[in-house]
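Reading the structure
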Amino acid sequence: MQEILAKSKINSEKVITLAEHTKGLLEQLEKLKNMLCNYNIDFKLLKLAVFAHDIGKVSPAFQISVGNWDYSPKILFPDIPHSIFSLLWIDKDNLARIISNTDDIKILLSAVAFHHWRDNFHNIILGKDPDFKRAIDLVLQNEDLRIKLLENLKSQFNVKNFEKYIDILSFDEDIAQTIHDGNDLFSYIIPPYYNYFLPQRITLNEEYKRKWVYTAGFLMRIDHFTSYIQEEELSEEIEKPTPEYMKIEENIKVEISKKLSKDTIKDNEIWQINLMKEKRDKNIILIAPTGSGKTEFAYLWGAGNKLFITLPLRSAVNSIYERSKIIFGQENVGLLHSDADVYLFEKSVNYEGERFRVLELARHLSLPVLVSTGDQVFPSALKYPGYEKIYSTLGYSKLVIDEVQAYDPRAVAIIVKLIEDIVKLGGKFLLMTATLPTFVKEAIKERIGEENFKVINRYNQYENICKHKIEIREVDIEKNIDEILSKAKEGKRVLVILNTVEKAQEIYKKISETDKDNIYLKLLHSRFTFNDRKRLEDEIVGTKDKIGTFSNPKPDSEKEGKILVATQVVEASLDIDADILYTELAPIDSLVQRMGRVLRRIKDEESYKKYLDVKEPTSPNIIIFYQKPDDNIKLSSGAGSVYQNDLLVFSLALLFKGAKPEIDNKITELKNKYWTEEKEKRKKAKVKNVLKEFLEELLKNFGTSKTQTRFVFSLAEIDKNALVEELYSTIPSTSSYLQRFYETLDILDAGYMSDRKQEALKIFREIYTVPAITEDRKEEFKNDIINSFLAKNNLSYTLFKSEVLSKHVVNIDIRKYLYNNSLNLNDVSYLAYELKGVSEEQIHRIKKWLSGIYVFAGKYTNDMGVIFNMENRKIESHDSGIVDI
């Protein structure tokens with residue numbers, strides 16, 4: 001029997017034949033089928049696709065490429081994609097006797113052809129690829145070759161387990177002749193990707209799309225997983241059994257008892273358990289105050305099912321990962337983000353053992369609970385090649401979407417589209433947040449139907465709780481540094497949040513230069529190295545073994561004054577507890593998130609009575625600053641770049657109204673004056689001018705410096721979400737924020753598909769940052785590279801990231817270079833040739849690992865992070881919630 005190899009035996013002692021590989025896939029498919037027997041999935045179709053997916057590896061060129069030197073026939077054969085070559089060896093007539101539906105045959109052939117997508121498939125599908133045509137002509141014209149290749153295949157599968165499939169093996173002259181004639185393949189397959197092929201997909205019905213996702217997605221996932229365990233010689237299952245619901249419920253009771261310092265707790269005392277009796281199998285939108293127990297609700301909702309938990313920031317993901325291990329068991333929880341390998345490595349002494357296994361199983365989506373940054377999941381809604389692997393898994397899973405307000409409007413639109421798609425597939429979603437814009441809820445309702453999800457609003461449980469008293473000031477925040485210091489000297493934890501990194505650094509520097517009497521002072525933003533950011537977060541939030549300087553709850557005995565200056569990174573990622581907040585103006589939903597870090601120790605009426613012996617704070621503990629703009633509409637740092645100007649202007653108007661309810665009608669009149677239907681049509685191209693005129697009159701009539709009035713008001717928990725809803729119902733339809741949301745949905749509805757996964761990631765995250773090192777640390781960087789390679793002969797990329805990159809690399813705004821050449825940005829990979837004492841092979845590896853990292857003109861300090869020269873600071877940098885940094 002002529003041996004056909006499935007995997008390369010070059011540099012490997014393990015030989016895996018095509019029959020062995022295919023048998024492994026069928027075994028994993030059977031395990032998946034047993035777990036998903038209650039789902040409407042065509043496993044018969046999938047089994048046929050699994051059998052046929054790699055038969056194109058019979059190609060002589062492929063066999064030589066994997067080291068099968070004795071393979072026969074020996075012939076000079078073009079190197080062509082084996083997946084599409086597989087189509088030539090499937091007998092469509094015999095297939096039709098097994099599958100009567102012609103659409104199903106197209107799904108099978110398409111799944112086989114495209115389970116490995118390549119950029120040149122476009123030309124092959126259109127019949128314009130010369131190499132592919134030459135290969136098919138060789139087989140068509142050489143009968144001996146054709147007979148020998150078919151004989152190789154049949155002898156390979158003429159063994160136990162393949163009897164019922166072997167009859168579908170035959171040479172397909174129809175497809176071969178079509179390729180020979182230079183015609184397209186649309187009669188046999190439907191190209192699943194690229195906008196170019198949209199006309200071929202436009203008429204497909206929902207059932208076809210659903211069956212396609214499950215067939216193609218499961219084939220890819222089973223293929224990738226089986227290859228992994230066969231190459232590593234492991235005994236693993238593609239899906240681990242999920243822990244039982246009652247076990248998870250008991251674990252949550254224990255954790256809640258610890259938080260409340262109680263020995264035992266009854267079910268009726270836990271709101272999450274009470275709601276679960278009716279809502280466990282529903283799609284849910286959960287709106288609840290920060291710190292109210294949304295995560296525990298998510299755990300219960302997902303218990304007993306495969307569960308994805310997504311958050312916007314990596315630091316938050318790491319925190320929830322650690323919490324999830326306690327509830328579900330360490331062996332059942334996986335971590336997915338760009339630096340998960342480094343995080344797991346630093347958490348484990350024996351990285352090559354269990355932690356490495358957990359990392360790989362997470363990447364193959366095989367663990368019951370996966371905690372992930374949003375950009376590992378949501379870009380699949382842009383349907384890049386291979387998106388079906390995520391979609392098919394979500395189709396039988398529960399998906400938690402936490403902190404949706406932290407994403408920009410385009411990303412939110414992508415999330416809404418993904419919700420629509422997974423509900424059609426049979427998956428469930430839980431969208432939970434402290435602040436949900438009304439337009440998001442309305443878009444979901446329009447797409448999946450109001451009857452297909454439930455809204456749970458927990459704010460009505462907090463009607464007697466008022467933790468925050470707001471004061472609005474028209475002044476630069478730096479004018480209040482003395483007051484900030486004074487509050488800290490009273491023993492308070494003071495949180496100062498700015499909208500840009502530059503502004504945060506400026507305020508931190510001014511405070512540090514004052515006589516602060518040994519007051520604790522730290523700065524936190526995203527422009528630190530991985531190591532410094534982790535060190536700061538561990539110090540501020542705390543770890544399992546040590547209480548943090550701003551950990552929640554603040555100990556009753558704490559008397560030391562503290563100041564934390566930060567950016568948006570604290571909004572949705574850090575569980576911290578402060579006494580007072582000084583913040584720049586931001587959109588209402590961001591402000592509510594920032595407020596959630598003040599008196600976070602108050603979670604319910606019991607803790608409310610403990611910490612506040614009066615109905616509400618007697619003096620302001622949330623101070624919001626805005627600046628009167630000169631000839632623009634810049635109310636705070638980052639206006640127009642970090643936050644949309646219209647959101648800032650209308651947020652300020654609503655804050656004015658909160659302080660003085662009697663001016664409500666006047667503000668409404670003012671809005672109508674500038675945004676009547678006629679004026680909207682007339683001035684649509686000049687919305688910015690209209691906004692500027694509105695702001696000028698708003699400040700003229702109601703600004704704090706004009707009225708000489710203190711704008712102070714109490715904001716109860718129950719009123720916060722209402723304020724957010726009012727903001728997004730108040731801004732005009734011409735708002736650039738809303739326009740970006742609806743335009744993105746329209747594009748996705750029209751069938752848009754990303755050509756590549758990286759392109760989808762960039763669209764979702766709006767990436768303007770690149771990894772880089774500062775010029776002043778270049779020599780230290782080179783020395784660390786040399787020392788790492790000299791210390792370890794077989795240094796892995798994960799170790800290199802952990803020991804070198806995480807110590808030096810930061811993320812900088814690429815627009816600084818695009819618009820201002822003074823950054824002197826250069827690719828750092830050239831440094832590989834300046835290293836002394838390393839081998840040629842190591843230099844090649846280093847150059848590859850440094851590719852895409854830059855060196856730039858700037859400085860770095862451990863307390864400030866990256867510092868740009870003043871002439872470089874043309875573009876303001878901010879801490880976007882959707883960037884996985």
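Structural data are supplied above this passage.
Described in the following lines is the structure provided in the data block. (Residues numbered from 1 in each chain as written. Predicted model: local features only at pLDDT ≥ 70, side-chain atom pairs only at ≥ 80, totals over all residues. Heavy atoms only, no water.)

Focus: the overall build of the protein
Secondary structure summary: the protein contains 38 helices and 20 strands in total. Its C-alpha atoms give the protein a radius of gyration of 30 Å, near enough to 29 Å, the size a compact globule of 885 residues would have. Here the C-alpha coordinates of the protein stretch approximately 95 × 65 × 65 Å along the principal axes. The buried share of the protein, reckoned over its 885 residues, is 61%. Taking as baseline every contact in the protein between residues at least 6 positions apart, the subset at least 24 positions apart corresponds to 79%. Carbon and sulfur atoms form 46% of the exposed surface of the protein, whose accessible area is close to 36300 Å². When the 128 basic and 135 acidic side-chain charges of the protein are each reduced to a single mean position, those positions are 3 Å apart. (Helix = DSSP H or I, 4+ residues; strand = E, 2+ residues; numbered from the N terminus. Rg over C-alpha atoms; globule rule 2.2 N^0.38 Å. Buried < 20%, exposed > 50% of the residue type's maximum accessible area, 1.4 Å probe, protein only. Contact = heavy atoms within 4.5 Å. Areas by Shrake-Rupley, 256 points an atom, 1.4 Å probe, with all protein chains shown as cover. Lys, Arg positive; Asp, Glu negative; His and termini not counted. Charge placed at Lys NZ, Arg CZ, Asp CG, Glu CD.)

A word on the pattern of salt bridges
The full count for this structure, using the stated rule, is 64 salt bridges. Two residues, Glu236 and Lys240, come together in a salt bridge whose shortest N-O distance is 2.5 Å. For Glu236, a relative accessible area of 11% translates into the label buried. Lys240 gets classed as buried once you look at its relative accessible area, which sits at 13%. A salt bridge links Glu420 to Lys424; the shortest N-O distance between them is 3.3 Å. Of this pair, Glu420 and Lys424 both sit in helix H20 (residues 409-425), 4 residues apart, which is roughly one turn of that helix. Taken together, the salt bridges that share partners define one network made up of Glu206, Lys209, Lys417, Glu420, Lys424, Arg447 and Asp749. (Salt bridge = Lys/Arg side-chain N within 4 Å of Asp/Glu carboxyl O.)

As for helix H24 (residues 530-541)
Between its first and last C-alpha, H24 extends 16 Å over 12 residues, near the 16 Å set by a 1.5 Å rise per residue. Residues of H24 that are buried include every one of Phe530, Asp532, Arg533, Leu536, Glu537 and Ile540, and no others. End-on, the buried residues of H24 take up no more than an arc of 165°, which puts them together on one face. The inward-facing, buried residues of H24 abut helix H16 (314-328), helix H17 (340-347), strand S10 (520-524), strand S11 (562-566), helix H36 (797-808) and strand S19 (859-861). Downstream of H24 by one or two residues, Gly542 has phi in the positive range, about 100°. (Expected span 1.5 Å × (residues − 1). Arc of directions from axis to C-beta.)

Points about the packing of aromatic side chains
Tallied over the entire structure, the rule returns 40 aromatic pairs. Ring centres of Tyr196 and Phe197 lie 5.2 Å apart, and the angle between their planes is 90°; on these two criteria the pair is classed as edge-to-face. One aromatic cluster is present, formed by Phe114, Trp117, Phe121, Tyr193, Tyr194, Tyr387 and Tyr391 through successive ring pairs. Directly above the ring of Trp301 sits Lys398, whose terminal nitrogen or CZ lies 4.7 Å from the centroid. Above the face of the Phe550 ring, Arg493 is positioned so that its terminal group lies 5.6 Å from the ring centre. (Phe/Tyr/Trp six-rings, centres within 6.5 Å; stacked < 30°, edge-to-face > 60°. Lys NZ or Arg CZ within 6 Å of the ring centre and 35° of its normal.)

Some details on the sheet that holds strand S17 (residues 826-827)
Strand order in the open sheet formed by 4 strands is S16-S15-S18-S17, with mixed pairing between adjacent strands. At either end of the open sheet lies a strand with only one pairing partner, and these are strand S16 (810-813) and S17. Sheet topology note: the S17/strand S18 (residues 854-856) ladder contains 2 bridges and is antiparallel. If you follow Asp827 over to S18, its bridge partner there is Tyr854. (Pairing = 2+ DSSP bridges.)

Digging into the packing of H17 against H36
The relative placement of two packed helices comes down to the angle between their axes together with the axis-to-axis distance. In the contact formed by H17 and H36, the axes pass within 9 Å of each other and the chain directions differ by 90°. Here H17 is positioned roughly perpendicular relative to H36, judged by the angle of their axes. Along the contact surface, H17 presents Asp341, Val342, Phe345 and Glu346, while H36 presents Thr798, Leu799, Lys801, Ser802 and Ser806. Of the residues that constitute the contact of H17 with H36, the class distribution is 3 nonpolar, 3 polar and 3 charged. (Axes fitted to C-alpha atoms, helices over the stretch in contact; angles between N-to-C directions. Parallel < 35°, antiparallel > 145°, perpendicular 65-115°, else oblique. Nonpolar A, V, L, I, M, F, W, Y, C, P; charged D, E, K, R; others polar.)

Structural notes on the environment of Ala288
Relative to the helices and strands, Ala288 is located in the loop between strand S1 (284-287) and helix H15 (294-302). Look past the residues within four positions of Ala288 in its chain and what remains in contact with it is Lys294, Thr433, Ala434, Arg458 and Tyr459.

Comments concerning the sheet that holds S10
Think of a sheet as strands paired side by side through backbone hydrogen bonds, with each pair either parallel or antiparallel. The mixed open sheet is built from 7 strands, whose spatial order is S10-S11-S9-S12-S13-S8-S14. With one partner strand each, in any of the chains shown, S10 and strand S14 (711-715) form the two edges of the open sheet. Each adjacent strand pair in this sheet contributes to an overall mean axis angle of 15°, direction not counted. Here strand S9 (residues 493-497) pairs with strand S12 (residues 580-584) via 4 bridges, running parallel. Across the sheet, Ile497 pairs through a bridge with Thr583, a residue of S12. Contacting strand S8 (468-474) and S14, helix H32 (residues 717-730) runs over the sheet at an angle of about 110° to S14.

Details of the pairing of S8
Of all 7 residues in S8, 7 are buried; the element is thus mostly enclosed. Side-chain alternation along S8 places His468, Ile470, Ile472 and Glu474 on one buried face and Lys469, Glu471 and Arg473 on a second face that is also buried. Of the pairings in the sheet, the one linking S8 to S14 comprises 5 bridges and is antiparallel in character. Looking at the pairing, Lys469 lines up with Ser714 of S14. Both S8 and strand S13 (residues 622-626) contribute to a ladder of 5 bridges, which runs parallel. Residue pairing in the sheet places Ile472 in a bridge with Ile624 of S13.

A word on the pairing of S10
When you tally the buried positions in S10, you get 4 out of 5 residues, the bulk of the element. For the crossover that starts at S10, traverses H24 and ends in the parallel S11, the hand is right-handed. (Right-handed = clockwise from strand over helix to strand, strands pointing away.)

Let's talk about the nonpolar core
Core analysis: the biggest nonpolar cluster contains 276 residues, and Trp89, Ile563 and Phe656 have the highest contact counts within it. A total of 12 residues in this core trace back to one element, the largest contributor, which is helix H12 (residues 206-232). When neighbours within four sequence positions are excluded, Ile563 is seen to be in contact with Ile484, Leu485, Ala488, Val494, Val496, Ile511, Ile519, Tyr520, Leu521, Lys522 and Phe550. Membership of the second largest hydrophobic core comes to 22 residues, among which are Phe789, Phe800, Val809 and Ile853. (Core = buried A, V, L, I, M, F, W, Y, C linked by side-chain atoms within 4.5 Å.)

Digging into the side chain of Lys279
Mapped onto the elements of the fold, Lys279 is located in helix H14 (residues 271-279). If we skip the residues at most four places from it in the chain, Lys279 touches Ile284, Trp301, Lys454 and Ile456.

Considering unusual backbone geometry
The peptide bond linking Ser72 to Pro73 adopts the cis configuration, its omega dihedral lying at 15°. Within the element layout of this structure, Pro73 appears in the loop between helix H3 (60-65) and helix H4 (82-85). Of the consecutive residues Asn552 and Pro553, the connecting peptide bond is found in the cis state with omega at 0°. The phi dihedral of Glu233 falls on the positive side, at around 55°, and the residue is not glycine. Positive phi, close to 60°, is recorded for Asn518, a residue that is not glycine. By the element assignment, Asn518 lies in the loop between helix H23 (501-512) and S10.

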